[in-house]
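Analysis of the macromolecular model
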Amino acid sequence: MPTMTQTLAVNFPRARVWPLLGDVEQVIACMPGASLTKPREGDRIFGQMRVKLGPIAAAFVGEGTLTMDEATHTGVIHGQGTDPKNNSRAKADVTFAVVEEGPVTRIDLTVDFTLTGVLAQFSRGAIVQEIANRLTAEFARNLEAKLAATAPVAEEEAAASSDVVAVPAPEPAPEPAKELNAGNLLWVMLKDWLRGLFGGRSLQDNHSRSR
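Since we're looking at a predicted model, the values are computed, not measured.

Helices and strands together make up the secondary structure of the chain, namely five helices and eight strands. The N-to-C order of helical and strand elements in the chain reads β-α-α-β-β-β-β-β-β-α-α-β-α. The buried share of the chain, taken over its 211 residues, is 28%. Of the contacts made within the chain by residues no fewer than 6 positions apart, 57% connect residues no fewer than 24 positions apart. Surface accessibility of the chain: about 12900 Å² in total, with carbon and sulfur atoms responsible for 58%.

Take a look at the structure:
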């Protein structure tokens, strides 16, 4: 089972970030391509993940569990899903730790996953790592936007009890997470690779000509 590690950071204290991570509806809304298929039942989560890899489109439907430890600020997600149309299956175990670093909160992720079927060719190497990097970055941006759009309860109560009540300008609502189009990511990776290849060759040619 391949393993990946990812780290993301948001500019909010852990006291703000931790409760939001326990709100499945809010978290799913931050994940590109993900959506719930029915309400949460205890620790059980029911959802789907839509992915597009060039001409291949997949929709993994399944369920998972979420457990969180308030004392250690850690959590575990177990999930699996299938896409009957492409005869593909996905399974993942995600452990995360929420660490406070001053005004910034860091979330460390370890992901063990298995992908079988038509999409198995994308489950190893630089492709899946690059997809994970970009997916994590997009999730972090959406999470930070959602935190920024949600005023803390303490601040709301303080404003309500003040003699002079300031009416803040409404925060723009975060855009819904877009579908994960890995085909676009692969194209960007290819362009970056070609740019690096020919860019490096150009430097070598210039060096040779200067001799």
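Both faces of the sheet carry side chains from a regular strand, because those side chains alternate between them. Across nine bridges, strand S4 (residues 56–69) lies against strand S5 (residues 74–83) in antiparallel orientation. Directly across from methionine 68, in S5, lies its bridge partner glycine 75. Here S4 folds back onto S5, and the loop between the two strands holds four residues, one of which, histidine 73, carries a positive phi near 55°. With antiparallel pairing between neighbouring strands as the criterion, S5 and strand S6 (residues 88–101) make up a hairpin whose turn holds four residues, including asparagine 87 at a positive phi of roughly 55°.

So, on to the nonpolar core. One finds Leu8, Val17, Leu21, Phe96, Ile107, Leu143 and Leu147 to be the most contacted residues of the largest nonpolar core, which totals 26 residues. At the level of elements, strand S1 (3–10), helix H1 (14–21), helix H2 (24–30), S6, strand S7 (104–116) and helix H3 (126–148) are the ones that each hand at least two residues to this core. Ranked by residue count, the leading element in this core is H3, at six residues. Apart from residues lying up to four places away in sequence, valine 17 is in contact with Val10, Phe12, Thr105, Ile107 and Leu147.

Mean pLDDT over the chain: 78, with 67% of residues reaching 70 or higher. Across residues 154–177, where pLDDT falls below 50, the model places 14 contacts with residues more than four positions away in sequence or in other chains.

Taken as a whole and judged by the stated rule, the model has five salt bridges. Residue glutamate 138 pairs with arginine 141 through a salt bridge whose shortest N-O separation is 2.6 Å. Of the two residues, glutamate 138 and arginine 141 both sit in helix H3, three residues apart, roughly one turn of that helix. Residues joined in a network through salt bridges with shared partners are Glu101, Arg106 and Asp108.

What counts, and at which threshold
- Residues numbered from 1 in each chain as written.
- Predicted model: local features only at pLDDT ≥ 70, side-chain atom pairs only at ≥ 80, totals over all residues.
- Heavy atoms only, no water.
- Helix = DSSP H or I, 4+ residues; strand = E, 2+ residues; numbered from the N terminus.
- Buried < 20%, exposed > 50% of the residue type's maximum accessible area, 1.4 Å probe, protein only.
- Contact = heavy atoms within 4.5 Å.
- Areas by Shrake-Rupley, 256 points an atom, 1.4 Å probe, with all protein chains shown as cover.
- Pairing = 2+ DSSP bridges.
- Core = buried A, V, L, I, M, F, W, Y, C linked by side-chain atoms within 4.5 Å.
- pLDDT = per-residue confidence, 0-100.
- Salt bridge = Lys/Arg side-chain N within 4 Å of Asp/Glu carboxyl O.

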